[in-house]
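Okay, here's what each chain looks like letter by letter:
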Amino acid sequence: QELATINKQLADANQHLQKMATSDSLTGTFNRRYINEFLSIELARSRRYGRTFGLHFLDLDDFKQVNDEHGHQAGDQVLVRLSANLDPGQSGMRKSDLLARFGGEEFVVLMPDTALEDGVRAMTRLQRALTRRFFMTGSAKLVITFSAGVTELGRDESPMAAIQRADRGMYQAKRAGKNKVVGV
C-alpha cells in the first residue's frame, strides 16, 4: 500500500514537471521547447504520408503601447486573453492543432494537414473572432488584434526555415496595416 502511494506521488510529480517544462507559465499554452517535440513527431507523420503541414507565426499588434499605457499587468492579461481565444478545441481550431508562445507577444500555431490557403482562412477566421470581443482593463476598452504570417512547410524544408518565412510574412502583414494575415 505504501509503495503504491509513493509510486502515485512520483508519477504525479513527474507529470507536473513535464507540464512545467513544456508549458508557458503565464498563458498556459505550450512553450517554444515543446514546439520542437511536436514538430519532430508531426513532421515525420506528414512527410511519411505526403500530407501538408501549416505553420503560422503571429504577433500581437501594438502590444508595447498596451504595456506603456495600461501597465504590464494589463499586457499579461492581453496575452492570456489571446491564448484563451486561440485555444485549440475551443476557438474553432482543431484539437490536432497546437498553439505555443514563441516569446514575448509572439505565438506559433502549428496545423497538421493544412494547406496554405486553408491556413490563411483559418487564421483570418480566428482574427475576426478575436476582434469581435472587447477586452476591459480598468475603464479602458481595448480591441486585441494580431498580424500573422502563414506558410506551408516545404517537403525538405527545416522547421526553423519555415518559422522564419512565416515570421517574414507576419512583418509584411504589419507593414500592410496590421490586423492582417499574409500567406507566404
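The shown structure was predicted, so the numbers you read here are calculated from the model rather than taken from an experiment.

Focus on the overall build of the protein
Then comes step 1: Broken down by element type, the protein carries six helices and eight strands.
Then comes step 2: Secondary structure elements of the protein, listed N to C terminal, follow the sequence α-β-α-β-α-α-β-β-α-β-β-β-α-β.
Then comes step 3: Principal-axis analysis of the C-alpha atoms gives the protein an extent of 60 × 50 × 25 Å.
Then comes step 4: For the protein, buried positions account for 43% of its 184 residues.
Then comes step 5: Taking the contacts inside the protein whose residues are at least 6 apart along the sequence as the reference set, 64% of them involve residues at least 24 apart.
Then comes step 6: About 10,300 Å² of surface is accessible on the protein, with carbon and sulfur atoms providing 50% of the total.
Then comes step 7: In the protein, which carries 26 positive and 22 negative side-chain charges, the distance between the mean positions of the two groups comes to 4 Å.

Concerning the environment of Asn85
Then comes step 1: When you line up the elements, Asn85 lands in helix α4 (residues 72-85).
Then comes step 2: On the basis of relative accessible area, Asn85 is assigned to the buried category, the value being 13%.
Then comes step 3: With 67 residues separating them in the primary sequence, Asn85 and Glu152 have C-alpha atoms 23 Å apart.
Then comes step 4: In contact with Asn85, not counting residues within four places along its chain, are Ser91, Leu130 and Arg133.
Then comes step 5: A polar side-chain atom of Asn85 sits 2.7 Å from the main-chain carbonyl oxygen of Arg81.

Remarks on the sheet that holds strand β2 (residues 53-60)
Then comes step 1: A sheet is described by the order of its strands in space; here six strands give the open sequence β1-β3-β4-β2-β7-β8, paired in mixed fashion. Here the strands that pair on one side only, and so sit at the sheet edges, are β1 (30-31) and β8 (181-183).
Then comes step 2: Against the sheet, α4 contacts β2, β3 (98-103), β4 (106-112) and β7 (146-152), and its axis sits at roughly 155° relative to β2.
Then comes step 3: Here helix α6 (residues 159-175) sits on the sheet in contact with β2, β3, β4, β7 and β8, set at roughly 140° to β7.

A word on the nonpolar core
Then comes step 1: Core analysis: the biggest nonpolar cluster contains 24 residues, and Leu58, Leu82 and Met123 have the highest contact counts within it.
Then comes step 2: Listing elements by their share of this core, those giving two or more residues are β2, α3 (63-70), α4, β4, α5 (116-131) and β7.
Then comes step 3: Core analysis: the next-biggest nonpolar cluster, separate from the first, contains 18 residues, Ile35, Val108, Leu153 and Ala162 among them.

Topic: unusual backbone geometry
Then comes step 1: At Lys178, a position not held by glycine, the phi torsion is positive, near 70°.
Then comes step 2: On the secondary structure map, Lys178 appears in the loop between α6 and β8.
Then comes step 3: A relative accessible area of 32% places Lys178 in the partly exposed class.
Then comes step 4: In this model, Asn179 sits at a positive phi of 55°, which is unusual for a non-glycine residue.
Then comes step 5: Take Asn179: its relative accessible area is 32%, and that puts it in the partly exposed class.

Rules and cut-offs
Residues numbered from 1 in each chain as written. Predicted model: local features only at pLDDT ≥ 70, side-chain atom pairs only at ≥ 80, totals over all residues. Heavy atoms only, no water. Helix = DSSP H or I, 4+ residues; strand = E, 2+ residues; numbered from the N terminus. Buried < 20%, exposed > 50% of the residue type's maximum accessible area, 1.4 Å probe, protein only. Contact = heavy atoms within 4.5 Å. Areas by Shrake-Rupley, 256 points an atom, 1.4 Å probe, with all protein chains shown as cover. Lys, Arg positive; Asp, Glu negative; His and termini not counted. Charge placed at Lys NZ, Arg CZ, Asp CG, Glu CD. Polar contact = N/O pair within 3.5 Å; in protein donor to acceptor, adjacent residues only side chain to side chain. Pairing = 2+ DSSP bridges. Axes fitted to C-alpha atoms, helices over the stretch in contact; angles between N-to-C directions. Core = buried A, V, L, I, M, F, W, Y, C linked by side-chain atoms within 4.5 Å.

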